[in-house]
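# Coordinate analysis (summary)
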Amino acid sequence: MAVATGTEAGEAFADYLARVRAFTQEVLRPHEAALETELCVPEAIVAEMRELGLFAITLPRDWGGLGWTMEEQVLLTMEFTQASAAYRARFSTTIGLCAQVVLDYGTEAQKQRYLPEMASGRITAAFALTEEEAGSDAGSLKTRAARAGNGYRIDGSKRYITNAPDADLFVVMARTGAPQDGHAGISVFLVERETPGVSVGAPEALMGQAGSRVAEIQFDDCRVPGDALLGGQEGNGLKIALRGINHARTHVAATAVGQAIRLIEEMVAYAKGREQFGQPIAEFQAVQTMIGESQAELSAARALTLDVARRFDAGPVPFTEIACAKLFATEMVCRVADRAVQVLGGMGYMTKHAVSRLYRDVRLLRIYEGTSQIHQLNIARRVLAEGGPIHG
Ligand SMILES: Cc1cc2nc3c(=O)[nH]c(=O)nc-3n(C[C@H](O)[C@H](O)[C@H](O)COP(=O)(O)OP(=O)(O)OC[C@H]3O[C@@H](n4cnc5c(N)ncnc54)[C@H](O)[C@@H]3O)c2cc1C
């Protein structure tokens, strides 16, 4: 893998960041409008992502990764999400949700089998938690994994699973205990796509992020060996899931920042070029207010996300701070997107313009990896438990 070789030889982070910036500007952005009709990230671009090492940014070098810190991962994410967020979706489930749980909780054999394949991008992994009756209330999931011989038999279904149509591996949360065991009865399984009894539905039509492929997965009498159980231990499945989810939430906050950077860039370009009443609309204070407000909010979200990333690197996982960053940054980018449409006037409503696409794309960020309401709730619980604000 070209990039990994370069970094093994000691490529400085700044040089790698510059290469990711060039790839974003020269390859991803020019192609992004075509995603609206292609409805998938073309294999040629996925091959370039692999070559650049984008599947490797979150894993340590021992496992074929590039060994970047969370702060560096966040800076990279802020860069490549200045193009359509659908590109990020193509590798995000592999590098965040799935790779992290295998890294932290997998057996040595599971790590050997999957991590180098994930880091190279030869394996695409999808994270299968959500079900029809278990969304925000993930602990109520019903997919069942019953012991059968030396392994397990999995039955149930998952929905809204990003990359399910392209995945080679599913990280599946399923109930091994009784329903009354609650969270303690949930375990995590590594289910390979070719396993009999696994079927994936057709990609859903999405409001935005065209090119990202999201589908249902059905498990019918799906027999997996005993060593498909993550870490070889039943239980603790939601705790394990939250490890991957909190990694991903930090990246989602960075995604919101990257998308806001792009939106402000689009706003500025249009406001300077568009003339009304004999002058560029950028000269009107009402337009400047929208740009100024957006920049201030972007700066705040960027600083918060970087602060959270540094705390993540210092350990332990800063759950509440991650929730604050995810909540603030994703709400922020939707406000910025709304202003961007307004600055562009009618052009902001034309699907041919990037701003209308971005407006639809960013809406998802407030829903997945915990809705804004769930983050508000969890942050408030912690603040109330502490008896006051968390700071410092
Ligand atoms: C495009 C897309 C991709 C996704 N990818 C994945 C994936 O790869 N893997 C995966 O497992 N899941 C995935 N999801 C699922 C996503 O994580 C869930 O949609 C999300 O957690 C919300 O669950 P829900 O849709 O069932 O909404 P619900 O939980 O039904 O929520 C509906 C509304 O009720 C509110 N609500 C719920 N509970 C409370 C509460 N206690 N207090 C206050 N308000 C509450 C919510 O905030 C929301 O406004 C994806 C979803 C989408 C749309």
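Residues numbered from 1 in each chain as written. Predicted model: local features only at pLDDT ≥ 70, side-chain atom pairs only at ≥ 80, totals over all residues.

Helix and strand content of the protein: 12 helices and 9 strands. For 392 residues, the compact-globule formula gives about 21 Å, and the C-alpha radius of gyration of the protein, at 21 Å, lands near that figure. Summarising its shape, the C-alpha atoms of the protein cover approximately 80 × 50 × 40 Å along the three principal directions. Counting over 392 residues, the protein shows a buried share of 47%. Taking all contacts inside the protein whose residues are at least 6 apart in sequence as the whole, residues at least 24 apart take part in 76%. (Helix = DSSP H or I, 4+ residues; strand = E, 2+ residues; numbered from the N terminus. Rg over C-alpha atoms; globule rule 2.2 N^0.38 Å. Buried ≥ 20, exposed ≤ 12 C-beta atoms within 10 Å, placed from the backbone. Contact = placed C-beta atoms within 7 Å.)

Here the focus is unusual backbone geometry. Here the residue pair G315 and P316 is connected by a cis peptide bond, since its omega of -10° sits within 30 degrees of zero. Position of P316 among the secondary structure elements: in the loop between α9 (285-314) and α10 (319-344). With phi around 60°, Y160 is a residue other than glycine that occupies positive phi space. Looking at Y160, the number of C-beta atoms within 10 Å reads 18, which means it is partly exposed. In the Ramachandran plot, Q209 falls in the positive-phi region, its phi being about 50° despite a non-glycine side chain. Inspection of the secondary structure assignment puts Q209 in the loop between β6 (198-200) and β7 (214-224). On the basis of neighbour counts, which here come to 23 C-beta atoms within 10 Å, the residue Q209 falls in the buried class.

Next up on the list: the site of the ligand. Taken together, 19 residues lie near the ligand, and L129, G135, S136, T371 and Q373 sit nearest. Those elements that provide at least two residues to the shell around the ligand are β1 (125-128), β3 (151-162) and α12 (372-386). In the shell around the ligand, the residues fall into 12 nonpolar, 7 polar and no charged. Per-domain counts for the shell around the ligand show at least three residues from each of domain 2 (126-235) and domain 3 (239-386). (Near = placed C-beta within 6 Å. Nonpolar A, V, L, I, M, F, W, Y, C, P; charged D, E, K, R; others polar. Domains from an automatic or database assignment.)

Let us now look at the nonpolar core. Of all hydrophobic cores here, the largest spans 119 residues; its most connected members are A128, I154, V171, F189, V191, A256 and A260. It is helix α8 (residues 237-273) that contributes the most residues to this core, 16 residues altogether. For A260, the residues in contact, after removing those within four places along its chain, are L298, A301, M332, V333 and V336. (Core = buried A, V, L, I, M, F, W, Y, C linked by C-beta atoms within 7 Å.)

With that out of the way, let us pick up the pairing of β3. In this sheet, β3 lies alongside strand β2 (residues 144-148) in antiparallel orientation, the contact comprising 5 bridges. What sits directly across from R147, in β3, is Y152. The hairpin formed by β2 and β3 contains 2 residues between the paired strands, and G149 there has a positive phi angle of roughly 60°. Note that β3 and β7 share 8 bridges and pair antiparallel. The residue of β7 that forms the bridge with I154 is C222. (Pairing = 2+ DSSP bridges.)

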